[in-house]
Amino acid sequence: MGRVLRARAAILPLIAVAACNSGEKGAADSSATVDPQVTSSAATGTASVSGAQIAVAHAGPPGEWQMPAGDYANSRYSELATITPQNAANLKVSWAFSTGVLRGHEGQPLVVGNTMYVVTPYPNVSYAIDLAQTGQPLKWKFRPQNSQQAIGKACCDVVNRGAAYADGKIFYNLLDGHTIAVDAATGNQVWRTKMGDLSRGETITMAPIVVKGKVIVGSSGGEMGVRGWIAALDEATGKEVWRAYNIGPDKDVKVGPKFKTFYAHDRGKDLGATTWPGDTWKTGGGAVWGWLSYDPVLNLIYHGTSNPGPWNENQRTGDNKWTAAILARDGDTGEMVWALQVTPHDMWDYDAVNENILVDLPIKGQTRKVLVHFDRNGFAYTVDRATGEVILAEPFVPMNWSTGIDLATGRPNVVETKKTAQDKNVKDICPSLEGGKNQQPAAFSPQTGLFYVPTNNLCMDFQARAVTYIAGTPFIGGNAPEKGGPGGYRGEFIAWDATTGKKIWGIKEPYPVWGGALATAGGVVFYGTLDGWFKAVDARSGKVLWQFKVGSGVVGNPVTYTGPDGKQYVAIYAGIGGDMGLLIAGDVAANLPYDVRERGTTLPDIARWTSWGGELFVFSL
């Protein structure tokens, strides 16, 4: 995931080459000068897809939220239905909780029984909140050991995308490369395992999942020249069970007899090494900092991989497998079963780590078992989740680097004038390196059969440059100043039909929509905005039913649960950060006079509407 890297203050001026810190504002940029209360407008539509189903059931009772996305399918759908389009306007704040931490609050809380579990950005403090008592007092607070050096190694803010619950334990990752288990009842640490090498720039920001007694985790650090991996830990002991690298020889990548990929060009020996010049794969990125899915029937874990390193494509000719790809692995052994490289030889920083939503959809008269993936490269993919065949791929945001996906090969048709090269300044590439969608997860509703997608509308100029690898330091090799995309808006919340590749409706926003989505059986969808609005939307028409100005911009993901009183509640983190709040936004931090980091030019006006702050807001009727 490519951005500026906050290493030691002494070297920061030398690495101010990232998108947020370089280049002039493009003519396509726009400033949000209107009142954010009235910027949203929806094109109404009532289309729906009948017969669509989520592939895996919700984890635990409907009123709980035990996994990052609510289920293995990454649907972010809840069967709770008390909040409806008819009464959503009556939502009010029930209570709030300050996390005590600034910076980017990505991820989401968990709810198990009458307890809510919260994990903060670095230093990754976890809280257990008693929902059954008035005032929601703490049951416990756990402060893990967490190396401060990780702050200077993390690419794109010190975020944490949340925890997972299983068998009485809370599992989550620390920025400094450790995975921990905490007793859910007492807050005592059960085990702690070092997974990443901080000295090489490996950090961990992703949310784990637990599959058949194994905790599945992956690495961050693609801009530090790491070699990306995914691994499984024994849930009871924390002992590593298996580890698979995403680039390198077959034995490291776990490519063997089970590998039956759909496209012929993805077959061959040691492609994770031979599609790189020399041994450049050893510093080639391919990290796993995004979301994980699992199909228990196929016993497949699905994950994406990040950009290849460095950004300078001239230093790594070839397809650079298996970066910028969707991979399916055996849930027991980690062996690769199929692979789909959505952006071969990525030269735009189009990580493919976004969530893979597992659903069964009626397509051309046949129910297909698919995964739906909204990629950074601007295409929405409908893929057979057993084989990796691309059934459908269409642009879901304004884009110009490709004319489309060749379904015979699964590969994009690249526009020659948008290819980057060393010392060449390529103008107006859309989408920007933030992607048509970044880490902000979409949601799916089986009621409508539609996907609800937070998107970005940004473009960039891109100039690659030569760079030398030094372990533990930035390995980027490019400048990529960003600007607003066409149409005078920089984000849109859309409803998408993955059976046709069509947008059903959209709500344009002045800023990229960097928070995730939640769909409910009540017919209401929730999302938050960078300028601090939390909104409820009619799932069928896109009509904004209600909005509330929370304390800071939203980069987290809503969840819903049933309280001890039987009422439905909706919870969301407020706390601007991540790429958008730390690197691209303007003056959103109060400590700027003492902060040596340069501020971004892409969203210089957002500080009019919001600033740093970490707080959990909980709403009910």
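Refer to the structure presented above.
Below, the structure is looked at part by part. (Residues numbered from 1 in each chain as written. Predicted model: local features only at pLDDT ≥ 70, side-chain atom pairs only at ≥ 80, totals over all residues. Heavy atoms only, no water.)

1. Remarks on the state of the cysteines
Where two cysteines share a covalent bond between their sulfur atoms, that bond is called a disulfide. The cut-off we apply is this: Two cysteine sulfur atoms form a disulfide, by the criterion used here, when they sit within 2.5 Å. Throughout, exposure labels follow a simple rule: accessible area from a 1.4 Å probe, protein chains only, divided by the maximum for the residue type, with under 20% read as buried, over 50% as exposed, and the rest as partly exposed. In this text, helices come from DSSP runs of H or I with a minimum length of four residues, and strands from runs of E with a minimum of two, each type numbered from the N-terminal end.
Summed over the entire model, instances satisfying the criterion amount to 2 disulfides. In this model C155 forms its disulfide with C156; the gap between the sulfur atoms is 2.0 Å. Side by side, C155 and C156 carry an identical accessibility label, which is buried. Sulfur-sulfur distance for the disulfide between C430 and C459 comes to 2.1 Å. Between C430 and C459 the sulfur-sulfur dihedral comes to about 105°; the bridge is accordingly right-handed. In this pair, C430 sits in the loop between β26 (425–429) and β27 (443–445) while C459 sits in strand β29 (residues 458–464), placing the two residues 29 residues apart along the sequence. For the chain, the disulfide bridges join cysteines in the arrangement 1-2, 3-4, where the cysteines are counted in sequence order.

2. Observations concerning the packing of aromatic side chains
The criterion, for reference: Aromatic rings from Phe, Tyr and Trp, taking only the six-membered ring of Trp, are treated as a pair when their centres fall within 6.5 Å; an angle between ring planes under 30 degrees marks them as stacked, one over 60 as edge-to-face, and anything in between as tilted. In our convention, an over-ring charge means Lys NZ or Arg CZ found within 6 Å of a ring centre and within 35 degrees of that ring's normal.
According to the stated counting rule, one finds 29 aromatic pairs in the structure shown. A centroid spacing of 5.4 Å and a plane angle of 85° characterise the contact between Y469 and F475, whose relative ring orientation is edge-to-face. Note on F475: relative accessible area 5%, which makes it buried. Every member of this aromatic cluster is reached through a ring pair, and the members are F526, F534, W546, F548, F617 and F619. One Lys or Arg, R76, reaches over the ring of W291 and ends 4.7 Å from the middle of that ring.

3. Section: the environment of N438
In plain terms, the rule: Any pair of N or O atoms that falls within 3.5 Å is considered a polar contact. Within protein, one atom must be able to donate a hydrogen and the other to accept it, and sequence-neighbouring residues count only if both atoms are side-chain atoms.
With respect to the helices and strands, the residue N438 is situated in the loop between β26 and β27. Along the chain, N438 and C156 lie 282 residues apart, while their C-alpha atoms are 12 Å from each other. A distance of 3.0 Å separates a polar side-chain atom of N438 from the backbone oxygen of E434.

4. Considering the sheet that holds strand β37 (residues 544–549)
Put simply, the test is: At least two DSSP bridges between two strands are needed for those strands to be called paired.
Within the open sheet, the 5 strands sit side by side as β2-β34-β35-β36-β37. Their pairing is mixed. If you trace the sheet from one side to the other, it starts and ends with β2 (77–78) and β37, each paired once.

5. So, the environment of G162
Heads up, the condition is: In what follows, a contact means two residues having at least one pair of non-hydrogen atoms within 4.5 Å.
Looking at the element boundaries, G162 is found in the loop between α1 (149–153) and β8 (164–166). For G162, a relative accessible area of 3% gives the class buried. The spacing of G162 and Y569 is 407 residues in sequence and 19 Å in space, taken between C-alpha atoms. The contact partners of G162, leaving out residues within four places of it in the chain, are G107, Q108, Y172, M206, A207 and P208.

6. Considering the sheet that holds strand β18 (residues 325–330)
Our working definition: All axes here are fitted lines through C-alpha atoms, helices being fitted over the stretch that makes contact, and every angle between N-to-C directions spans 0 to 180 degrees.
Spatial strand order, β16-β17-β18-β19: 4 strands in an open sheet with antiparallel pairing. Edge positions in the open sheet fall to β16 (293–295) and β19 (336–341), since each of these has one partner strand only. Recorded for the sheet is a direction-independent mean angle of 20° between the axes of neighbouring strands. Relative to strand β17 (residues 300–304), β16 runs antiparallel, the two being bridged by 3 bridges. Bridge pairing links D295 to L300 in β17.

7. Focus: the pairing of strand β10 (residues 178–183)
The element β10 is extensively covered by neighbouring structure, given that 5 of its 6 residues are classed as buried. Sheet topology places strand β9 (residues 169–173) next to β10; 5 bridges connect them, and they run antiparallel. For Y172, the partnering residue across the bridge sits in β10 and is I180. Taking the residues that link successive antiparallel strands as the turn, the β9-β10 hairpin has 4 residues, and the phi of G177 there is positive, at about 100°.

8. A look at the side chain of D330
Position of D330 among the secondary structure elements: in strand β18. There is a polar contact of 2.9 Å between the side chain of D330 and the side chain of K258. In this structure, D330 is in contact with W242, K258, N299, L300, E335 and V337, ignoring residues within four places of it in sequence.

9. Regarding the nonpolar core
Definition in use: Buried Ala, Val, Leu, Ile, Met, Phe, Trp, Tyr and Cys residues form a nonpolar core when they are joined through side-chain atoms within 4.5 Å.
Core analysis: the largest hydrophobic core is formed by 72 residues, its most contacted members being W338, L361, F374, F451, Y452 and W496. It is strand β20 (residues 356–363) that contributes the most residues to this core, 5 residues altogether. Beyond its immediate chain neighbours, meaning those up to four positions away, Y452 contacts A442, A443, S445, F493, I494, A495, W505, A517, A519, V525 and A539. One finds W140, V524, Y561 and Y573 within the second-largest nonpolar core, a separate group that totals 48 residues.

10. Description of unusual backbone geometry
Residue Y122 is joined to P123 through a cis peptide bond whose omega torsion reads 20°. Of note, the amide linkage connecting G309 to P310 takes the cis form, showing an omega dihedral of -5°. Secondary-structure assignment places P310 in the loop between β17 and β18. Positioned with a positive phi, N124 is a non-glycine residue whose angle comes to about 60°.

11. Some thoughts on the pattern of salt bridges
Note the cut-off: The rule for a salt bridge is simple: a side-chain nitrogen of Lys or Arg has to be within 4 Å of a carboxyl oxygen of Asp or Glu.
Scanning all chains against the criterion turns up 31 salt bridges. Notably, a salt bridge pairs K269 with D270, separated by 3.7 Å at the nearest N-O pair. Overall, K269 belongs to the exposed group, its relative accessible area being 64%. Here K282 makes a salt bridge to D279, at a shortest N to O gap of 4.0 Å. When its relative accessible area of 41% is taken as the criterion, K282 is described as partly exposed. Look at the salt bridges and you will find they share partners, linking D266, D319, K321 and R411 into a network.

12. Focus: empty space enclosed by the protein
The condition that has to hold: Of the two site types, the cavity is a set of points on a 1 Å grid over the protein atoms alone where a 1.4 Å probe fits but cannot get out, and the pocket is an open set with protein on both sides within 12 Å along at least five of seven lines, each lined by residues with an atom within 4 Å of a point. Grid points are joined across faces, edges and corners, and a volume is the space filled by probe spheres set on the points. Residue polarity is assigned by list, with Asp, Glu, Lys and Arg as charged and Ala, Val, Leu, Ile, Met, Phe, Trp, Tyr, Cys and Pro as nonpolar; anything else, Gly included, falls into the polar class.
Taken as a whole, this structure holds 3 cavities of 30 Å³ or more when the rule is applied. A volume near 40 Å³ is recorded for the second largest cavity. What lines the second largest cavity is simply M67, P68, A69, D71, N74, A207, P208, I209, W291 and L292. Taken together, the residues of the lining of the second largest cavity sort by class into 8 nonpolar, 1 polar and 1 charged.

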